[in-house]
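# Coordinate inspection notes
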Amino acid sequence: MAGALVSCCAAFVTDGVVVHQSLRPAGKNWLPGEGTWAVAWKYQPPEVSAEVLSVDFPVGRTGKIAAVLNLQPVQLDDKTVRRVNVGSLRRWQESDIVAGDVITLSLAGQGIPRLERVIWRVAERHYPQPPDASRYTPLSCYTFSAECQKQLLAKLRWLSQKTVLNIPGVERSTWLHLLENRQYDAPVRLADVNTGTDRRRNGPLSGAGGSALAPF
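Conventions adopted
Residues numbered from 1 in each chain as written. Predicted model: local features only at pLDDT ≥ 70, side-chain atom pairs only at ≥ 80, totals over all residues. Heavy atoms only, no water. Helix = DSSP H or I, 4+ residues; strand = E, 2+ residues; numbered from the N terminus. Buried < 20%, exposed > 50% of the residue type's maximum accessible area, 1.4 Å probe, protein only. Contact = heavy atoms within 4.5 Å. Areas by Shrake-Rupley, 256 points an atom, 1.4 Å probe, with all protein chains shown as cover. Salt bridge = Lys/Arg side-chain N within 4 Å of Asp/Glu carboxyl O. Patch = residues over 30% accessible without salt bridge, like charges linked within 9 Å, V, L, I, M, F, W, Y side chains within 5 Å. Axes fitted to C-alpha atoms, helices over the stretch in contact; angles between N-to-C directions. Parallel < 35°, antiparallel > 145°, perpendicular 65-115°, else oblique. Left-handed = near helix turned anticlockwise from the far one by under 90°. Nonpolar A, V, L, I, M, F, W, Y, C, P; charged D, E, K, R; others polar. Arc of directions from axis to C-beta. Pairing = 2+ DSSP bridges. Polar contact = N/O pair within 3.5 Å; in protein donor to acceptor, adjacent residues only side chain to side chain.

### Some words on the overall build of the protein chain
Counting its secondary structure elements, the protein chain contains 5 helices and 9 strands. Tracing the protein chain from N to C terminus, the helices and strands come up as α-β-β-β-β-β-α-β-β-α-α-α-β-β. Looking at the protein chain as a whole, 31% of its 216 residues are labelled buried. The long-range fraction of contacts in the protein chain, counting pairs at least 24 apart against all pairs at least 6 apart in sequence, stands at 46%. When the accessible surface of the protein chain is summed, it comes to about 13900 Å², and 54% of that surface belongs to carbon and sulfur atoms.

So this is what it looks like as structure tokens:
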């Protein structure tokens, strides 16, 4: 009853209810896990179901491979969810999720979509082939190719960040356009970035401070 009252009448967002006794023991007598003068109830987080359309395997700049589910768009709280990150390849394999399955989602901290469980599996299961994890390391993929596209783009996107080379307005789509149109000499320029110099100008690379950078 108290939870329903607070939920319906509060002028602010709540995630539960805490009830305290009017009299509490002195602070010197408090012990961890023995707060018997208070009790808390958390609201059950909202969940929705969504159909899996496909599974992607993005490769991060350090070579780690994740599994991401592309979903039939669903509304969860105030967000439209189209993708959810499963995590590692091992977790995806253990979860046994393919296109056509139906999953439930909730929102984790800061409103990030989170996979809860699989509630229905298709009879005919077609498993996508993930990338070969042994081919990717922090030092792999410094050139543009079909198998290196994801990791190289992750490296370039990282370089664009304010805390690295601070290249404003340059996103993943910008790098992809330049690479696909061969407007960026990836093998030469990336090697120069790794040493902190630009051979075409024979000087320090802008934003690198003239010092060598660690492999990115």
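So much for the structure itself; the text now carries on.
### Looking at the side chain of S95
On the secondary structure map, S95 appears in helix 2 (residues 89–95). With near-sequence residues (within four places) excluded, S95 lies in contact with V118 and R121.

### Here we look at the pattern of salt bridges
Following the criterion strictly, the structure yields 7 salt bridges and no others. The shortest N-O distance in the salt bridge between R121 and D96 comes to 3.7 Å. With R121 in the loop between strand 7 (113–120) and helix 3 (149–160) and D96 in the loop between helix 2 and strand 6 (102–107), the pair connects residues that are 25 residues apart, well separated along the chain. A salt bridge links E147 to R135; the shortest N-O distance between them is 2.5 Å. Pair noted here: E147 is in the loop between strand 7 and helix 3 and R135 is in the loop between strand 7 and helix 3, with a separation of 12 residues, a long-range link. When its relative accessible area of 42% is taken as the criterion, E147 is described as partly exposed. The exposure class assigned to R135 is partly exposed, which follows from its relative accessible area of 46%. Salt bridges here are not isolated pairs; linked through shared partners, they connect D96, D101, R121 and R125.

### Some details on a nonpolar patch on the surface
A cluster of nonpolar side chains, V19, V39 and W41, forms an exposed patch at the surface whose accessible area comes to about 270 Å². Positionally, V19 belongs in strand 1 (residues 16–20).

### A short note on the packing of helix 3 against helix 4 (residues 172–180)
Contact pair helix 3 / helix 4: the axes reach a minimum separation of 9 Å and the direction vectors enclose 125 degrees. Relative to helix 4, helix 3 is oriented oblique. As helix 3 runs across helix 4, the sense of the crossing is right-handed. Side by side, helix 3 and helix 4 meet where Q149, L152, L153, L156, R157 and S160 of the first sit next to R172, W175, L176 and L179 of the second. Residue classes in the contact of helix 3 with helix 4 are distributed as 6 nonpolar, 2 polar and 2 charged.

### Side note on helix 4
Taken residue by residue, helix 4 has W175, L176 and L179 as its buried positions. One side of helix 4 carries all its buried residues, which in axial view fall inside an arc of 100 degrees.

### Some points on the sheet that holds strand 7
The antiparallel open sheet is built from 5 strands, whose spatial order is 5-4-3-6-7. Whereas interior strands pair on both sides, the edge strands pair on one side only; in this sheet they are strand 5 (79–88) and strand 7. Adjacent strand axes in the sheet meet at a mean angle of 40 degrees when their direction is disregarded. With 8 bridges connecting them, strand 4 (residues 66–76) and strand 5 associate as antiparallel partners. Note on strand 5: the bridge partner recorded for V74 is V81.

### A few points about the side chain of N70
Mapped onto the secondary structure, N70 falls in strand 4. By relative accessible area, N70 is classed as buried at 14%. One polar contact links N70 to R83, side chain to side chain, over a distance of 2.8 Å. Those residues in contact with N70 that sit more than four places away from it in its chain are E51, V52, L53, S54, D56, R82 and R83.

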